[in-house]
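Close look at the chain arrangement
Chain by chain, the residues run as shown.
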Amino acid sequence: MAFEGLTEKISATFKKLRGKGRLKEADVKEAMREIRMALLEADVSYKVVKDFTKSVTERCIGADVLESLTPAQMIVKIVNEELCKLMGSDTKHININPNGPTVVMLVGLQGAGKTTNGSKLAGLMKRQGKNPLLVACDIYRPAAIQQLKVCGEKLGIPVFEKGTQDPVQTAKEAVLYARQHGHDMVFLDTAGRLHVDEALMNELKNIKATVKPDEIMLVVDAMTGQDAVNAAQSFNEWLDIDSVMLSKLDGDARGGAALSVRAITGKPIKFAGIGEKLEDIEPFHPDRMASRILGMGDVLSLIERAQDAADEKLAAETAKRMMENRFDMNDMLDQFAQIRKMGGVGAMLNMLPGGAGIDPSQMDEKAFDRIEAMIHSMTKEEREKPSIINPKRKRRIAAGSGTTVADVNKLLKQFEMMQKMMKQ
C-alpha cells in the first residue's frame, strides 16, 4: 500500500517522543527534522514539506503542548490535523448538474489510468443509482476505444463512440444522446500524451468550450510522485481543473503525489483507485488518509467496505445460527468469502489501528485456501456435523484437499474452539 515507508518512519519518530515523557523544544525540532526527511523521501514536493513542517513546528512549540501532561499525544494530534489540512480537510463530491446530464471530463497523461479509472467512477455512480454513459474521445491511442468498450460491458454501462471522428464533435453528440436517452451522467474519456503538449491541450480546451463540462477531473498516477504534481500544475494552468482522482494508490507508491497535488493546485482530491478490479475505487477522505499515514488505521473505511461486501440476509442468518449454536462448516466457508470480498487480510490490516506495522505475509492468506479446500472435500453431512469425522474420514478429506491429516485435525480443533466461544 502507498505510504508504507512514510508510516513506518513517522511511527518510529512518535515512538521516540512517547518514550521521553516531558519534552523540550529541542526534542520537537529533532522530531520535525525526522518527519521532514520522511516526507521528502516519500517524494512530497519540497515547498509543501517546508510549509508543512513550519506550520507543525510553530503549533508544537506552543506552551500548551510542551507543558501538557501528554505532549507526545498532542504532537500526534497536531500532525494529524495538519496532514488533513494538507490533503483538503473534508471529503468533496462530484459537481452534479440539476438541469441535465452531469458532464465529467476525464483528463491526464497517457498511462495515468484515465480509461480504467473513469470506468470505475462510472460504475460507482451506477451503484449509487445513477444512469451513466461512457464516451470514447481518445482516437489516438491504439485500442483505447476497445478498452473502454470492454470496461463498459463488464459494468453494464453503454459506451458512445464514433470511431476516429473529431473528439470535439463526438463529445457534443454524446451529450445530446445522453439527454435524449435519459442518461444523467456523461464521462468523457479524453486522449492523453506521454507529456503535456500544445496540440493535446488545445483539443481539450475545445472540448471544454463545446460541452461546458460540470467537472474536469484530472487522473493522476500516485506512483509517479513529483512528475504527477508537475503534470497537475500544467493541466490546471491550461484547463482550470475542478478535481483530482489518484490512480494506483494500492501500489508501492511512496505517496508524495497525494500529499503534494492538493497543496500545489488548490484543487481537491475526490476519488482514489485502490486496486485492479473495476469495483476498486473509493471517495478520498483526507481525515481517514491522514489516520492511515500515521498508523492509526481507518476503521470507518473498513466498516464501509464490510457493508458493501456483506450480504445482509446471509449475515442475519449466520447471526441467528450463532445465537442458536447451530454454526457449522458451511457458515465458516461463508465468512471466508466475505473476507475475500473485502480485499483479503492484507487490505484489512492497513485499515486497523497499528495494522500497518504487521507484515501481511505473517497472516497466511494461503491458509484460507487450504481450509476452503478441506471444507469442500467434506460431505454435506460432515460439514453440518463435524463431530462425525473419524480417522478414516480425516484421511479421505486430507487426500481430497491436498493437505495432511494434521491439517484436518487443526481445522477441527479451531472449529471446536469457535463453537465453545459461541456457546458462552
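Scroll up to find the structure.
Cut-offs used in this document
Residues numbered from 1 in each chain as written. Predicted model: local features only at pLDDT ≥ 70, side-chain atom pairs only at ≥ 80, totals over all residues. Heavy atoms only, no water. Helix = DSSP H or I, 4+ residues; strand = E, 2+ residues; numbered from the N terminus. Buried < 20%, exposed > 50% of the residue type's maximum accessible area, 1.4 Å probe, protein only. Contact = heavy atoms within 4.5 Å. Polar contact = N/O pair within 3.5 Å; in protein donor to acceptor, adjacent residues only side chain to side chain. Expected span 1.5 Å × (residues − 1). Arc of directions from axis to C-beta. Salt bridge = Lys/Arg side-chain N within 4 Å of Asp/Glu carboxyl O. Axes fitted to C-alpha atoms, helices over the stretch in contact; angles between N-to-C directions. Parallel < 35°, antiparallel > 145°, perpendicular 65-115°, else oblique.

1. A look at the environment of Lys-126
Within the secondary structure, Lys-126 sits in helix α6 (residues 114-127). When its relative accessible area of 35% is taken as the criterion, Lys-126 is described as partly exposed. Each residue touching Lys-126, except ones within four places of it in the same chain, is listed here: Pro-132, Leu-155, Gly-156 and Ile-157. A distance of 3.0 Å separates a polar atom in the side chain of Lys-126 from the backbone oxygen of Gly-156.

2. So, helix α10 (residues 226-239)
Between the first and last C-alpha of α10 there are 20 Å, a value that for 14 residues agrees with the 20 Å anticipated at 1.5 Å per step. Where α10 is concerned, the buried positions are Ala-228, Val-229, Ala-231, Ala-232, Phe-235, Asn-236 and Leu-239. Buried residues of α10 fall within an arc of 160 degrees about the axis and therefore sit on the same side. Exposed side of α10, more than 90 degrees from the buried face: Asp-227 and Glu-237 are the residues found there.

3. Describing the pattern of salt bridges
What the rule picks out here adds up to 19 salt bridges. Between Lys-85 and Glu-82 there is a salt bridge; the shortest N-O distance is 3.5 Å. Taken together, the residues Lys-85 and Glu-82, both in helix α5 (residues 71-87) and three residues apart, mark about one turn of the helix. Salt bridges here are not isolated pairs; linked through shared partners, they connect Arg-59, Lys-77, Glu-81, Glu-82 and Lys-85.

4. Here we look at helix α2 (residues 25-41)
Relative to the 24 Å expected for 17 residues at 1.5 Å per residue, α2 spans 25 Å between its end C-alpha atoms, a close match to the ideal helical length. Among the residues making up α2, those that are buried are Asp-27, Val-28, Ala-31, Met-32, Ile-35, Ala-38 and Leu-39. What you see down the axis of α2 is that its buried residues fit within an arc of 130 degrees, all on one side. Once α2 ends, the next one or two residues include Asp-43, with phi positive near 70 degrees.

5. Here we look at the packing of helix α1 (residues 4-18) against α2
Pairs of packed helices are described in terms of their axes, by the angle between the two and the distance that separates them. In contact at an axis separation of 9 Å, α1 and α2 are set at 175 degrees when each is read in the N-to-C sense. Comparing their axes, α2 and α1 come out roughly antiparallel. Residue-level inspection shows Leu-6, Lys-9, Ile-10, Thr-13, Phe-14, Lys-16 and Leu-17 of α1 in contact with α2, the latter providing Asp-27, Ala-31, Glu-34, Ile-35, Ala-38, Leu-39 and Glu-41.

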